[in-house]
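What follows is the residue order along each chain.
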Amino acid sequence: MMQSSADRVAGYVCDLVRGRRPRRIKASVAELEAMRAAAELVQARTGLDLPDPASLERIRARLFAELNLEQRGLVRTRALSRRSWLRTAGVAAAAALVGGAVERTLAESPGQETLVPAAAGWRPVAAVSELPPGHSRAFATGAVQGVVVNRGGRIQALSAVCTHLGCLLTPNDGSQRLDCPCHRTSFDWTGQVVDSGVPYRPAPLPQIATRIRDGYVEVLVV
Amino acid sequence: MAGEASTSAFEAGSVPTYTEWEEVYRDNVVGMYQYVYRRVGNAPDAEDLAAEVLLHTLRTLRFPSPVRNVRAYLVKTAKTVLADHWRRHYAAPEVVSDELDELAAPEPTTWEPSALAAERAQRVLALLPDRFRTALELRFMRGYSVAEIARELGVTPTHARVIQYRALRKAAEVGRDLMP
């Protein structure tokens, strides 16, 4: 029996929503347009489009191999052996790991990471004047999605990616929280979980090294 | 900031410039992955295609190279690679290349953060007729199966698949109208 367009596209959508590589089909233009629209809707759940560290490492390894870069004296990073702690630190850590080498330092509370990328630079993300006490400001660099908060005069940057499933958090200045739109998880402005709709307690948000320079908040990112 | 070069690249002169492949990789791998992911909607394909785009670009580049030129080249390459992906794996023989190029559009001028891209998808949903919007929200945002959507809408599963298909066709049309 011939499959209808609706059935064929439904099969494609089923693979997409399950995170699988969709099976290959021969589609008409109308079907292709519907499939393309479906692909765009998948990432409307914010954060799903962030690559995991293993994926970045495989891309990097392919580039090394295909471009013969080892022969030119470049050394493969040790990212693979560090995957285990990256899983706990969440997707933002993964994004910060682009260069592969990230060092871990102890942060304010147990279980909370501070991300210190080895090949990093300080980048301004907000003017101090735009960030009075009780205010926050989201930022995105090439690799990191974060938020800077002013907690009673203390300015600190945090990863803005939920440590549960990688959704992008929404800053809420009224409650001084970062709310996850996906599963009702909330973090306070130190990065600790204050409320969670998931069965286990997600890890705290990684802090991002922050400094004030010439009236700007700068963060240390790759 | 998204769309800017690394600190070291800025030091090369007044025009932001990449001096080695590592800078191009570091600055663009996540943006490129996201760009491709938003157009294919799954991680395995996004990984393969992002690697393909970076590989092709890095093979072609000569250093030093202005950041702006490298970005433009990356995006141009991504468009070609995506059109080829649709052609090789999904297009029936009668689909012509202009139609495939359309599927790879629109081009970004800079790497877009997740929140912005997600917002655009939400805008598309908001502009759909109620029944279409409900079907797609349940399927894509809340993870309902087709059978569950059928129950929710009071229709048969076959009809729910038809509604999903029509809703996606409409979303494609609305998305085209929203393009800058």
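Presented here is an overview of the structure given in this document. (Residues numbered from 1 in each chain as written. Chains lettered and ligands numbered in written order. Predicted model: local features only at pLDDT ≥ 70, side-chain atom pairs only at ≥ 80, totals over all residues. Heavy atoms only, no water.)

Some remarks on the overall build of chain A
Test applied: Put simply, DSSP H or I for four residues or longer makes a helix, DSSP E for two residues or longer makes a strand, and each gets a number counted from the N terminus. Relative accessible area decides the class of each residue, using a 1.4 Å probe on protein chains only: under 20% of the type maximum gives buried, over 50% gives exposed, and in between gives partly exposed. By definition, residues are in contact when any of their heavy atoms lie within 4.5 Å.
Counting its secondary structure elements, chain A contains 5 helices and 13 strands. Within chain A, the fraction of its 222 residues that count as buried is 54%. Residue pairs in contact within chain A that sit at least 24 positions apart in sequence constitute 45% of those at least 6 positions apart.

Some words on the overall build of chain B
Rules: Per-residue and other accessible areas follow the Shrake-Rupley method at a 1.4 Å probe size, with only the shown protein chains counted as cover for residues.
A tally of helices and strands in chain B yields 9 helices and 2 strands. For chain B, the N- to C-terminal ordering of α and β elements is α-β-α-α-β-α-α-α-α-α-α. Burial analysis of chain B (180 residues in total) assigns 50% to the buried set. Within the structure as shown, chain B displays about 8200 Å² of accessible surface, and the carbon and sulfur contribution to it stands at 52%.

Section: the interface of chain B and chain A
Counted only if it meets this: Buried area counts how much accessible surface, traced with a 1.4 Å probe, disappears from two parts once they are put together, with both parts' losses summed. For this document, the term salt bridge refers to a Lys or Arg side-chain nitrogen within 4 Å of an Asp or Glu carboxyl oxygen. For the purposes of these results, a polar contact is taken to be a pair of N or O atoms within 3.5 Å, where, inside protein, one atom must be able to donate a hydrogen and its partner to accept one; residues adjacent in sequence count only when each atom of the pair is a side-chain atom. Each residue gets one label: Ala, Val, Leu, Ile, Met, Phe, Trp, Tyr, Cys and Pro are nonpolar, Asp, Glu, Lys and Arg are charged, and the others, such as Gly, are polar.
At the interface, 69 residues of chain B touch 70 residues of chain A. Carbon and sulfur atoms make up 62% of the area that chain B and chain A hide from each other, which totals about 6200 Å². In this assembly, chain B and chain A are joined by 11 salt bridges. The shortest N-O distance in the salt bridge between Asp48 of chain B and Arg62 of chain A comes to 3.2 Å. Inspection of the region where chain B meets chain A yields 17 residue pairs in polar contact (both at pLDDT 80 or more). Of all the secondary-structure elements, those providing two or more residues to the side of chain B that touches chain A are helix H2 (21-40), helix H3 (43-60), helix H4 (67-89), helix H5 (97-104), helix H6 (114-126), helix H7 (130-141) and helix H9 (157-178) of chain B. Counting residues per element, the side of chain B that touches chain A draws most heavily on H2 of chain B, which supplies 14 residues. Residues of the side of chain B that touches chain A, tallied by class, amount to 40 nonpolar, 11 polar and 18 charged.

Observations regarding the sheet that holds strand E12 (residues 210-213) of chain A
All names here are of chain A. What counts here: Two strands are counted as paired when DSSP detects at least two bridges linking them. Between N-to-C directions, angles cover 0 to 180 degrees, with each direction set by a line fitted to C-alpha atoms, over the stretch in contact for helices.
Taken in spatial order, the 3 strands make up an open sheet running E3-E13-E12, and their pairing is antiparallel. The open sheet is flanked by strand E3 (121-127) and E12, the only strands paired with a single partner. Averaged over all pairs of adjacent strands, the angle between strand axes in this sheet comes to 35°, irrespective of strand direction. Here E3 runs beside strand E13 (residues 216-221); their pairing, made up of 6 bridges, is antiparallel. Within E13, the residue paired with Ala127 across the bridge is Tyr216.

Brief notes about unusual backbone geometry
Cis geometry is adopted by the peptide bond preceding Pro64 of chain B, which originates at Phe63 of chain B and carries an omega value of -5°. With respect to the element layout, Pro64 of chain B can be found in the loop between H3 and strand E2 (65-66). Unlike most non-glycine residues, Gln176 of chain A shows phi in positive territory, near 50°. With respect to the helices, strands and loops of the structure, Gln176 of chain A is situated in the loop between strand E7 (170-172) and strand E8 (177-179). Judged by relative accessible area, which is 31%, Gln176 of chain A ranks as partly exposed. Of note, the phi angle at Asp214 of chain A is positive, near 50°, even though the residue is not glycine. As for its position among the elements, Asp214 of chain A is in the loop between E12 and E13.

So, the pairing of E13 of chain A
Residues and elements named next belong to chain A. Counting buried positions over the 6 residues of E13 gives 5, a clear majority of the element. Bridge count between E12 and E13: 4 bridges; the pairing is antiparallel. Of the residues in E13, the one forming a bridge with Ile212 is Val217. Between E12 and E13, which pair antiparallel and follow one another directly, the connecting turn spans 2 residues, one of which, Asp214, has a positive phi of 50°.

Details of the pattern of salt bridges
The final tally for this structure, using the stated rule, is 22 salt bridges over all chains. Arg60 of chain A is paired through a salt bridge with Glu22 of chain B; the nearest N and O atoms lie 3.1 Å apart. Taken together, the residues span two chains, with Arg60 of chain A in helix H3 (residues 53-67) and Glu22 of chain B in helix H2. Residue Arg60 of chain A shares its accessibility class with Glu22 of chain B, and that shared class is buried. Shared partners join several salt bridges into a network, and the residues in it are Arg21, Arg24 and Arg62 of chain A together with Asp45 and Asp48 of chain B.

Thoughts on helix H2 (residues 29-42) of chain A
All names here are of chain A. Stated precisely, the cut-off is as follows: Each residue after the first adds 1.5 Å to the expected span of a helix.
The first and last C-alpha atoms of H2 sit 20 Å apart over 14 residues, in line with the 20 Å expected at 1.5 Å per residue. Across the 14 residues of H2, 10 count as buried, placing the element largely inside the fold. For H2, the complete set of buried residues consists of Glu31, Leu32, Ala34, Met35, Arg36, Ala37, Ala38, Ala39, Leu41 and Val42.

Describing the side chain of Ser136 of chain A
Residue and element names in this part refer to chain A. Along the chain, the position of Ser136 falls in strand E4 (residues 136-140). Judged by its relative accessible area of 15%, Ser136 is buried. Here the side chain of Ser136 touches Asp173 through a polar contact of 2.6 Å, side chain to side chain. Excluding anything up to four places from it in sequence, Ser136 contacts Leu131, Val147, Val148, Val149, Pro171, Asp173 and Trp189.

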